[in-house]
Amino acid sequence: MASLKKVMEDEIACKEWFLPGNACCAGCGLEVALRWTMKALGPDIAMVTPASCLNVVIGLWPKTAPDFPQFNMAFAAGAAVATGFEAAFKAKAHKFPGKGWDKMISICFAGDGGTTDIGIQGLSGAAERNSNIIYVCYDNEAYMNTGIQRSSSTPHGAITTTTPFGKERYKKNLPAIMRAHDIPYVATCSISEPLDIYEKFKKAKSINGTKYIHILAPCAPGWGFPSEDTIEIARMAVKAGSWILYEVENGVLTLSKKSKPLLDPSKRIPIIEYVSTQKRFAGISEKTLIEIQEQIDNDWEKLSTELKCQDEYSK
Amino acid sequence: MIKPELKDFLQSEEIKIIKGNVAAAYAAKSARVQVISAYPITPQTTVVEKLSEFVDGGLMPGTQYIKVESEHSVLASLVGSSMAGTRTFTATSGQGLFYMYEMVHWTAGVRLPIVMAIASRGPAPPWNIWADFTDVISCRDTGWMSAFTATHQEIYDEILMSYKVCEDYDVLLPKFVAYGGFILSHTSKPVILEDQDKVDNFLPPLPDEKGWPHIWIDPKRPLMHGNLIMPSGFYSEFRMKIHDALIRSKSKIKAVAKEFEKTFGRSYGNGLIQEYRMDGADVAMLNYGDLALQMEEAIDAVREEGYKVGMVKLRHFRPFPVEDIIEVAKKVKVLGVMDRATAFGSPTGGPVSSEVKTALHGTKGTALIFPMINGIGGREVTVEQQKEQLKILIKINETGELPEDLLHGTLWHGKLEVD
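Model, not experiment: these values are computed from the prediction. (Residues numbered from 1 in each chain as written. Chains lettered and ligands numbered in written order. Predicted model: local features only at pLDDT ≥ 70, side-chain atom pairs only at ≥ 80, totals over all residues. Heavy atoms only, no water.)

Q: So what exactly am I meant to see when it comes to the overall build of chain B here?
A: Within chain B one finds 14 helices and 16 strands. In summary, chain B has a C-alpha radius of gyration of 21 Å against a globular reference of 22 Å for 419 residues, a match within 12%. Projected onto its principal axes, the C-alpha coordinates of chain B cover approximately 70 × 65 × 45 Å. Classification of the 419 residues of chain B by burial places 58% in the buried group. Within chain B, contacts between residues separated by at least 24 positions form 81% of all contacts whose residues are at least 6 apart in sequence. Of the roughly 17,300 Å² that chain B leaves accessible, carbon and sulfur atoms contribute 54%. (Helix = DSSP H or I, 4+ residues; strand = E, 2+ residues; numbered from the N terminus. Rg over C-alpha atoms; globule rule 2.2 N^0.38 Å. Buried < 20%, exposed > 50% of the residue type's maximum accessible area, 1.4 Å probe, protein only. Contact = heavy atoms within 4.5 Å. Areas by Shrake-Rupley, 256 points an atom, 1.4 Å probe, with all protein chains shown as cover.)

Q: Whenever I open this one, the side chain of A:Asn55 confuses me. Can you help?
A: For A:Asn55, the position within the fold is in helix α4 (residues 53-57). A polar contact is formed between the side chain of A:Asn55 and the backbone oxygen of A:Thr49, at a distance of 2.9 Å. For A:Asn55, the side chain forms a polar contact with the side chain of A:Asn72, separated by 3.1 Å. Apart from the residues lying within four places of it in its own chain, the contact partners of A:Asn55 are A:Thr49, A:Pro50, A:Asn72, A:Met73 and B:Leu228. (Polar contact = N/O pair within 3.5 Å; in protein donor to acceptor, adjacent residues only side chain to side chain.)

Q: Where do I start with the interface of chain B and chain A in this structure?
A: In many reports, interface size means the accessible area that the parts give up when they come together. Counting residues at the interface gives 47 residues for chain B, matched by 44 residues for chain A. Approximately 3,500 Å² of surface area, both sides summed, lies buried where chain B meets chain A, with 67% of it carried by carbon and sulfur atoms. When the buried area of chain B at its contact with chain A is split by residue, B:Glu209, B:Ile217 and B:Pro219 rank highest and sum to 19% of it. The tally of links from chain B across to chain A stands at two salt bridges. Put simply, A:Lys99 and B:Glu209 hold a salt bridge, and the shortest N to O gap is 2.9 Å. In this assembly, chain B and chain A are joined by 15 residue pairs in polar contact (both at pLDDT 80 or more). The set of elements that each furnish at least two residues to the side of chain B that touches chain A consists of β3 (64-67), α4 (71-83), α6 (101-109) and β9 (224-225) of chain B. Tallied by class, residues from the side of chain B that touches chain A come to 25 nonpolar, 15 polar and seven charged. (Buried area = accessible area lost by both parts, 1.4 Å probe. Salt bridge = Lys/Arg side-chain N within 4 Å of Asp/Glu carboxyl O. Nonpolar A, V, L, I, M, F, W, Y, C, P; charged D, E, K, R; others polar.)

Q: Would you mind going over the sheet that holds strand β6 (residues 145-148) of chain B with me for this structure?
A: All names here are of chain B. The mixed open sheet is built from seven strands, whose spatial order is β3-β2-β4-β5-β7-β6-β13. Each edge of the open sheet carries a strand with a single partner, namely β3 and β13 (316-318). Across this sheet, the average inter-strand angle for adjacent strands is 20 degrees, counted without regard to direction. Where helix α3 (residues 45-56) meets the sheet, its contacts fall on β2 (35-38), β3, β4 (88-92) and β7 (175-180), and the angle it forms with β3 comes to roughly 135 degrees. Its contacts with the sheet place helix α8 (residues 152-166) against β4, β5 (115-120), β6, β7 and β13, and it is angled at close to 170 degrees to β7. (Pairing = 2+ DSSP bridges. Axes fitted to C-alpha atoms, helices over the stretch in contact; angles between N-to-C directions.)

Q: I would appreciate a short explanation of the packing of α4(B) against α6(B) in the present structure.
A: Between two packed helices, the angle of one axis relative to the other and the distance separating the axes together describe the packing. All names here are of chain B. Two numbers describe how α4 lies on α6: the axes approach to 8 Å, and their chain directions differ by 20 degrees. Relative to α6, α4 is oriented roughly parallel. Between α4 and α6 lies a crossing of left-handed hand. Residue-level contacts link His72, Leu75, Ala76 and Val79 of α4 to Glu102, Met103, Val104, Trp106 and Thr107 of α6. Of the residues belonging to the contact of α4 with α6, the class tally is six nonpolar, two polar and one charged. (Parallel < 35°, antiparallel > 145°, perpendicular 65-115°, else oblique. Left-handed = near helix turned anticlockwise from the far one by under 90°.)

Q: Explanation requested: the packing of helix α11 (residues 290-304) of chain B against helix α14 (residues 383-399) of chain B in the structure shown.
A: All names here are of chain B. It is the contact of α11 with α14, at a shortest axis distance of 9 Å, that shows an interaxial angle of 65 degrees. At the point where α11 passes α14, the crossing takes the right-handed sense. Between α11 and α14, the contacting residues are Leu291, Gln294, Met295, Glu297, Ala298, Ile299, Ala301 and Val302 on the first element and Val383, Gln386, Lys387, Gln389, Leu390, Lys391 and Ile394 on the second. When the residues that make up the contact of α11 with α14 are grouped by side-chain class, the tally is nine nonpolar, three polar and three charged.

Q: Can you walk me through the pattern of salt bridges in this structure?
A: It is possible for side chains of opposite charge to pair when their charged atoms get near one another. Evaluation of the coordinates by the stated rule reveals 45 salt bridges over all chains. Two residues, A:Arg235 and A:Glu232, come together in a salt bridge whose shortest N-O distance is 3.1 Å. Taken as a pair, A:Arg235 and A:Glu232 lie in helix α11 (residues 230-239) at a separation of three residues, close to a single helical turn. On the accessibility criterion, A:Arg235 (30% relative accessible area) is partly exposed. For B:Lys415, the salt bridge is made with B:Asp405, and the minimal N-O distance between the two is 2.9 Å. One end of the pair, B:Lys415, is in the segment after β16 (411-412); the other, B:Asp405, is in the loop between α14 and β16, with 10 residues separating them in the sequence.

Q: Could you clarify how one ought to interpret the nonpolar core in this entry?
A: Generally speaking, soluble globular proteins have nonpolar side chains that are buried together. A:Phe109, B:Leu335, B:Val352 and B:Val356 are the most contacted members of the largest nonpolar core, which totals 164 residues. Two domains each donate at least three residues to this core, and these are domain 1 (12-263) and domain 2 (273-412) of chain B. If we skip the residues at most four places from it in the chain, B:Val356 touches B:Leu286, B:Phe320, B:Ile325, B:Leu335, B:Val337 and B:Ile369. (Core = buried A, V, L, I, M, F, W, Y, C linked by side-chain atoms within 4.5 Å. Domains from an automatic or database assignment.)

Q: Whenever I open this one, the side chain of B:Thr92 confuses me. Can you help?
A: Residue and element names in this part refer to chain B. Take Thr92: it is sitting in strand β4. By relative accessible area, Thr92 is classed as buried at 0%. If we ignore the near neighbours within four places in the chain, the residues touching Thr92 are Ile41, Gln44, Glu71, Leu97, Met100, Met116, Ala117, Ile118 and Ala119.

Q: How should I be thinking about the sheet that holds strand β11 (residues 283-287) of chain B in this particular structure?
A: Strands in a sheet are paired, the pairing made by backbone hydrogen bonds, and the direction either parallel or antiparallel. Residue and element names in this part refer to chain B. Pairing is mixed across the open sheet formed by six strands, whose spatial order is β10-β12-β11-β14-β15-β16. Each edge of the open sheet is held by one strand with a lone partner, namely β10 (273-276) and β16. Where β10 meets strand β12 (residues 309-314), four bridges bridge the pair, whose relative direction is antiparallel. Bridge pairing in β12 links Gln274 to Lys313. Its contacts with the sheet place α11 against β10, β11 and β12, and it is angled at close to 170 degrees to β12.

Q: Looking at this structure, I do not really get a nonpolar patch on the surface. What am I missing?
A: A cluster of nonpolar side chains, namely A:Val56, A:Leu60, B:Leu228 and B:Met230, defines an oily patch on the protein surface of about 310 Å² accessible area. Note on placement: B:Met230 falls in the loop between β9 and α10 (235-264). (Patch = residues over 30% accessible without salt bridge, like charges linked within 9 Å, V, L, I, M, F, W, Y side chains within 5 Å.)

See below:
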């Protein structure tokens, strides 16, 4: 993983591209995700942000916090607009050669609703075409912008305004769906590991084709925890193994530093420790808790088997 | 058999016997569009097939063609490409246009000069794929300009004219160029494909590196677009400006039609409307699309019989040529307005006849407006039927009596007989 020292030597990374004075809630996980994304990518990008918290927290017109080209967009349109940017940059590179248009990065920065629900068709289309874009899902596990309604990324048992007694179904595994598209790069991140975010985006920047990066970004008001605890909550999700950090480069799965030791189940903290920090799991039944823990253990079991197969195969 | 005098004409390199859809594809090529995005839908398909041949065959160097997974993504991707400062094109039909409706509003909101060909078809259910302009007319209030074309040549010509209008600094709005599904999209006629240099001189140059004057993507001049704006902000004023630009586009459309005629020698009236044998006419029919072309034949026949009839071909639905329609309605005593589209629940049931009545409100000394609907969902309309339609207008003029068989004041002509 990149060291902080190495990051500090990067002039672009030392600059803030998402400026202070924005309208993020205190302890916003999205802000950390966006700041570190931009520290890795730098300003030579075009970002589309379909309807989500990000459309609001950038500030009311005409004030705006992103110090880079950023375009708010209709909910389902994210991936297609990013593809449109890419096509235009290619056309401009043809018409104005040597002016750097071929180096422009097209990026879609969407929430979990805009990705796992309404935007999944466009995203799947872009991935199938292997459009040269970076698609980022910042995942706060519900429609936070509209007032905490369940999305297909909301975890089992979580209370939202549309699941007042806790969500029955499980979180949709979108990174797995993206892996099934055989795109060159899929990665998961947590805002508790900014250097990991930095490193993965640096890598994504160097790869041609569709890159999908899914960042867990806790939401203090939506999940119900004190705003100073955001980073700690994200860290606990990783430690409990409920959010697994990994990357898949050209089909090869690698567990990231913070998740790798958790292949040993005894290294994972029990899910109840994570769940009990958040009001959205208040009053969760013992049955649901057991189901969540079983799901986590199953996921790891599958992952462990896959890694073993991969090792065998590479021998 | 080809008439001998046509042989030279048809063997010319610049003239091709092509489908209406192919004419649309050639227009996009002639306009040197830089980004195309499309999703197949009947009866638009041959537009996108032809463009694939052009782009993949290297005939449009530098042009990017995004083959997306849905119509919503078609217009979304073009919004992205156009914002970045490129000339863009797409084509669709009926359901496809409905599916991209959200982005139709968005495009006008960003003031992007995107041109979209529409091979019009009837809305489902039941499934219908034949000529009916309800699709394009359903986008009436989106801020897009919309043109109806009546011939294969006009499809090609109108797309070229559209880029010139759309990219004008005082307009900067998107535009639909509609034509009847199958009737024009899938039939073949000779079309003059203009010399590339001549087209290049006629059209504005492609956007320079900086992009459009009002929106661009450039890290050195970072720009945001579409932030939330409070009711006390400029939202209302932005909307006012779209309406103002759309109304003011009338003079630009007229000027471009004039310049087109001067450059290429083909006339489309004043650009907004085109009159046919209106000299001394007592009654007239307003038509649009391919049926306007066929109506010319009916007019000739009825004139032959000694009746003073004429026709007005409506070329633009948005902007609506209010002043020209008033002029026309002052010239004749009865003006039939024939819709090949529906506007359920509107005052007449037909979108254009409702529009004409609105346009004339408050103006004295104008014709009686008689709303009619025909050819819905591609129902065949023959010249004989069009002659009948003219006779109905003549009878109204002579007797002052309206036909009995009206549905809420509108004549649906060519209905099936039901027991």
